[in-house]
Amino acid sequence: MKLLPSFRMTFLAAALAASTLGLVAHAQQAPATSPAAAATVERDGNGQSLNDLYQAALKEGGALTVYAGGDEVTQGFGIKAGFERQFPGMKLNLIVDLSKYHDARIEEELLRKDLEVDLAHLQTLHDFDNWAARGLLLPYKPIGWDQIPVAYKDPAGRFTGLFMLTFANSYNKNYVSAENAPRDYADFLKPEFKNRIVITYPNDDDAVLYVFDKIIQKYGIGFIDQLKGNGVQWVRGTQTPRDAVEAGKYAISTGTSGSFIPVESSSLRFVLPKNDPFLTWAQTGALFKDAKHPAAAKLYMSWMLSLPVASNPRQFPIRKDVQPLPGFKTIDQYNTSPEDFHAFMSDRARVERLKSLMERLIGPVQGISPLKD
């Protein structure tokens with residue numbers, strides 16, 4: 001869930017960061033190591049420090065290919081820059097694409113017996129269970145692994161959450177006051193928001209589909225008719241509506257990521273629901289057993305979870321020893337459940353039924369991939 005100076009998500013992406021990846025958001029600036037952090041040398045499950053892993057990666061050739069879930073090419077720029085800056089001589093080939101396309105790409109490479117990817121971090125959490133069950137993943141417990149909640153990692157270390165991503169509501173502060181900001185989903189039916197709403201097709205993105213599943217569970221299927229009646233522009237990609245709201249083309253959106261602490265220079269504001277459930281998940285990573293650059297993949301995972309990086313989240317922290325952002329509580333005190341999203345993603349038959357339902361209610365997905373627009 002899509003780690004450098006702007007929070008362009010994801011998808012990757014979020015917690016270094018994108019969101020979204022920029023992924024974390026998907027992007028977030030990899031912070032400089034503080035004196036306090038430098039005083040303690042963190043080690044992975046094999047007793048290796050970041051420097052040990054770095055030297056091994058250089059001896060291996062200094063190359064690494066990562067498939068990162070996200071929906072804008074720019075979401076990977078921050079991560080690549082931060083990684084290569086901290087580890088001179090390393091060359092990171094970070095490819096951002098929708099997670100559902102990456103898993104198909106990986107499946108093709110596996111069938112052709114020509115695996116190009118070394119490591120993937122994706123939204124499609126069910127893929128990691130499947131790959132682990134098929135014996136395709138290389139167990140590895142990166143730096144910080146003991147501080148990752150049990151729900152976000154495989155006990156054998158075959159996959160591990162790398163950063164947290166939250167999807168909630170966004171608004172443009174120039175058009176919507178903080179008092180009138182859309183918190184709960186019923187707020188999207190207010191007359192003043194008519195024809196000023198932009199949302200990602202839920203039948204194109206499983207994370208947004210999850211949000212709409214929660215909406216229907218609480219408000220009933222008739223809510224979708226009311227929402228459509230208030231004028232919604234449906235788009236592809238979860239950064240697309242966020243950018244459109246920030247640019248003032250629309251006033252509000254839901255099913256997007258954003259920084260919990262607003263960037264003052266931006267017109268975009270990101271808010272969590274007061275009462276309604278919302279989506280949070282651990283964007284999960286794993287390295288493949290047949291990876292060409294396993295040492296570099298281990299370095300990348302440990303770097304992402306090391307304290308200098310993980311202690312500067314844009315949303316909820318993934319490490320238990322990192323405090324929530326100022327003004328926010330721990331994740332368990334909110335109406336959100338990463339475990340519930342994992343269960344949702346694992347029930348593929350139900351997901352497909354919901355996609356078909358949403359297509360019937362709002363129509364088929366229109367437009368090219370957000371990475372190509």
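Here the structure is a predicted model, which means the values were calculated and not measured. (Residues numbered from 1 in each chain as written. Predicted model: local features only at pLDDT ≥ 70, side-chain atom pairs only at ≥ 80, totals over all residues. Heavy atoms only, no water.)

Undergrad: Go over the overall build of the protein, please, and point to the residues and values.
TA: In terms of helices and strands, the protein carries twelve helices and nine strands. A buried classification covers 59% of the 373 residues belonging to the protein. Of the roughly 14500 Å² of accessible surface on the protein, 51% is carried by carbon and sulfur atoms. (Helix = DSSP H or I, 4+ residues; strand = E, 2+ residues; numbered from the N terminus. Buried < 20%, exposed > 50% of the residue type's maximum accessible area, 1.4 Å probe, protein only. Areas by Shrake-Rupley, 256 points an atom, 1.4 Å probe, with all protein chains shown as cover.)

Undergrad: Break down unusual backbone geometry for me, with residues and values.
TA: Backbone geometry at Lys113 places phi at a positive 55°, although glycine is not the residue there. The topology assignment puts Lys113 in the loop between helix 4 (99-111) and strand 3 (119-122). Of the residues examined, Lys113 reaches a relative accessible area of 75% and is grouped as exposed. For Asn195, which is not a glycine, the phi torsion comes out positive at approximately 65°. With respect to the element layout, Asn195 can be found in the loop between strand 4 (160-172) and strand 5 (197-200). For Asn195, a relative accessible area of 54% puts it in the exposed group.

Undergrad: Run through the environment of Pro364, naming residues and quoting values.
TA: Structurally, the position occupied by Pro364 is in the segment after helix 12 (348-362). Taking relative accessible area as the criterion, Pro364 reaches 42% and is therefore assigned partly exposed. On a C-alpha basis, the gap between Pro364 and Asn203 in space is 7.8 Å, while along the polypeptide they are 161 residues apart. Excluding residues within four positions of it along the chain, Pro364 makes contact with Tyr201, Asn203 and Glu359. (Contact = heavy atoms within 4.5 Å.)

Undergrad: An account of the packing of helix 4 against helix 5 (residues 125-133) is needed here, citing residue identities and associated values.
TA: In helix packing, the relevant descriptors are the interaxial angle and the interaxial distance, both defined with respect to the helix axes. Where helix 4 meets helix 5, the axes come as close as 10 Å, and the angle between the chain directions of the two elements is 20°. With respect to helix 5, the element helix 4 is oriented roughly parallel. Here helix 4 runs over helix 5; the crossing is left-handed. On helix 5, the residues touching Asp103, Ile106 and Glu107 of helix 4 are His126, Asp127 and Trp131. (Axes fitted to C-alpha atoms, helices over the stretch in contact; angles between N-to-C directions. Parallel < 35°, antiparallel > 145°, perpendicular 65-115°, else oblique. Left-handed = near helix turned anticlockwise from the far one by under 90°.)

Undergrad: Could you give an account of the pattern of salt bridges, naming the residues involved and the relevant values?
TA: In the structure shown here, the tally under the stated rule is 19 salt bridges. The partner of Arg269 in a salt bridge is Glu264, with the nearest N and O atoms 3.5 Å apart. (Salt bridge = Lys/Arg side-chain N within 4 Å of Asp/Glu carboxyl O.)

Undergrad: Residues and numbers for the side chain of His126, please.
TA: On the secondary structure map, His126 appears in helix 5. You can call His126 buried: its relative accessible area is 16%. Setting aside its immediate chain neighbours within four residues, His126 contacts Asp103, Met345, Ser346 and Arg348.

Undergrad: Tell me about the side chain of Lys214, residues and numbers included.
TA: As for its placement among the helices and strands, Lys214 is situated in helix 6 (residues 206-219). Look at Lys214 and you get buried, because its relative accessible area is 16%. Leave out the neighbours within four places in its chain, and Lys214 touches Pro277 and Asp340.

Undergrad: Please provide a residue-by-residue account of the environment of Gly62, values included.
TA: Looking at where Gly62 falls in the secondary structure, it is placed in the loop between helix 2 (50-60) and strand 1 (63-69). Judged by relative accessible area, Gly62 falls into the buried class, the value being 3%. Once the C-alpha coordinates of Gly62 and Ala295 are considered, the two residues, 233 residues apart in sequence, prove to be 9.1 Å apart. Beyond its immediate stretch of four places on either side in the chain, Gly62 contacts Ala57, Gly89, Met90 and Lys91.

Undergrad: Explain the pairing of strand 8 (residues 268-271) to me, using residue names and the numbers behind them.
TA: Side-chain positions along a regular strand alternate between the two faces of the sheet. Burial along strand 8 is two-sided: the residues Leu268 and Phe270 and Arg269 and Val271 are all buried. Summarising the sheet, strand 4 and strand 8 pair through four bridges and their orientation is antiparallel. Looking at strand 8, one finds that Asn169 is bridged to Val271. (Pairing = 2+ DSSP bridges.)

Undergrad: Describe helix 3 (residues 77-86), listing the residues and the values that go with them.
TA: Along helix 3, the residues that are buried comprise Gly78, Ile79, Gly82 and Phe83. Summarising the axial view, the buried residues of helix 3 lie within an arc of 120°, below the 170-degree limit, and thus occupy one face. For helix 3, the secondary structure elements touched by its buried residues are strand 1, strand 2 (91-97) and helix 9 (294-305). (Arc of directions from axis to C-beta.)

Undergrad: Go over the environment of Gly45 with me, naming the residues and quoting the values.
TA: Of note, Gly45 is situated in the loop between helix 1 (35-39) and helix 2. Owing to a relative accessible area of 56%, Gly45 belongs among the exposed residues under this scheme. C-alpha separation for the pair Gly45 and Gly144, spaced 99 residues apart in sequence, amounts to 8.9 Å.

Undergrad: So what's going on with the packing of aromatic side chains? Which residues, and what values?
TA: Applying the stated rule across the entire model yields 21 aromatic pairs. Centroid distance Phe128 to Trp131: 5.4 Å. Interplanar angle 80°. Geometry classified as edge-to-face. Of this pair, Phe128 and Trp131 both sit in helix 5, separated by three residues, roughly a single helical turn. No difference in accessibility class separates Phe128 from Trp131, as the two residues are buried. Ring plane angle 40° and centroid distance 5.5 Å describe the contact between Trp281 and Phe341, whose orientation is recorded as tilted. Of this pair, Trp281 sits in strand 9 (residues 279-287) while Phe341 sits in helix 11 (residues 338-346), placing them 60 residues apart in sequence. (Phe/Tyr/Trp six-rings, centres within 6.5 Å; stacked < 30°, edge-to-face > 60°.)

Undergrad: Requested: an account of the packing of helix 6 against helix 12, with residues and values cited.
TA: Packing of helix 6 against helix 12 brings their axes to within 11 Å, and their N-to-C directions diverge by 75°. With respect to each other, helix 6 and helix 12 are oriented roughly perpendicular. Residues Asp206, Leu209, Phe212, Asp213, Ile216 and Gln217 of helix 6 pack against Arg348, Arg350, Val351, Leu354, Lys355, Leu357 and Met358 of helix 12. The residue inventory of the contact of helix 6 with helix 12, partitioned by class, reads seven nonpolar, one polar and five charged. (Nonpolar A, V, L, I, M, F, W, Y, C, P; charged D, E, K, R; others polar.)

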